[in-house]
Amino acid sequence: MKKLYTLSALLFLSFMLFSCGDDKPSDLPDVNSTAKKSYTIIAAAGSTTSQDLIFTLEDFTALKDYLKYVESGAIQNSSYIEVKGVPEDAELTNVKLSLKSDSKKNIVLPNINSNIKFDELPHLTFMQLIINELVNSNRNTSIVKLEYKANSDITSPLTITIYLNSRFSF
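Numbers given for residues are sequential positions, taken from 1 along each chain in its written order. Selection of residues for local features in this predicted model requires a pLDDT of at least 70, selection of side-chain atom pairs for listing and counting requires 80 or more, and totals for whole chains, interfaces and linings are taken over all residues. To get the side-chain values, all heavy atoms of the structure are used, and hydrogens and water are removed first.

(A) Expanded view of the side chain of Glu82. You can see Glu82 is positioned in strand β4 (residues 80–84). One buried charged side chain, Glu82, makes no salt bridge at all; its nearest oppositely charged neighbour is Lys84, positioned 4.2 Å away. Among all residues touching Glu82, those that are not within four sequence positions of it are Ile116, Lys117, Thr159, Ile160 and Thr161. Elements are defined by DSSP. Helices are runs of H or I of four residues or more, strands are runs of E of two residues or more, and each kind is numbered from the N terminus. Residue exposure (1.4 Å probe, protein chains only): buried if accessible area is under 20% of the type maximum, exposed if over 50%, otherwise partly exposed. Positive: Lys, Arg. Negative: Asp, Glu. His and the chain ends are not part of the count. We define a salt bridge as a side-chain nitrogen of Lys or Arg found within 4 Å of a carboxyl oxygen belonging to Asp or Glu. Residues count as neighbours in contact if any of their non-hydrogen atoms are within 4.5 Å of one another.

(B) Spatial organisation of the sheet that holds strand β6 (residues 102–109). A pair of strands is considered paired only if DSSP assigns at least 2 bridges between the two. If you walk across this open sheet you meet the four strands as β2-β8-β5-β6, and the pairing is antiparallel. Only two strands of the sheet have a single neighbouring strand rather than two, namely β2 (48–56) and β6. The mean angle between the axes of side-by-side strands here comes to 25 degrees, regardless of whether they run parallel or antiparallel. Inspection of the sheet shows strand β5 (residues 92–99) paired to strand β8 (residues 141–150) by six bridges, in the antiparallel sense. Note that in β8 the partner of Leu92 across the bridge is Ala150. Only the stretch in contact is used when fitting a helix axis, every axis being a line fitted to C-alpha atoms; angles between N-to-C directions are given from 0 to 180 degrees. The sheet strands contacting helix α2 (residues 121–136) are β2, β5, β6 and β8, and the helix crosses β8 at an angle near 140 degrees.

Structure follows, in structure tokens:
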């Protein structure tokens, strides 16, 4: 009888622990949110340089109440990579953006000698990789590495901006 009582008590406690489940609300909406970060470039002619940019889920301000529940994100077609402030005689060559965690996940941009915006499918696909890494990594971060060679002196700041507009699901 004592064994039966102990067994039923253990079974009841197990049921209580497993029935509690997680604290995720069942009615979370999909949320659109944006994050924007920029590289600032000043370079000497002939220099080859790399810079890192860190995105975190906290950069997406609309997610502040839902950070621990994010399960997936889908990049929206209003996302872009933009180059601004290119001096008249400046040129960047061998321009490449890659994920620091996996350099095979990258995009090579054409030589840059004027202001330009990149928002076509290959660019959106690369930005989706950033979102995937943000959502799937334990750190909720994604480090994007920029590599380039300056063919002329760049003395006034040139910026390369990554604008991510994503729809997050929970």
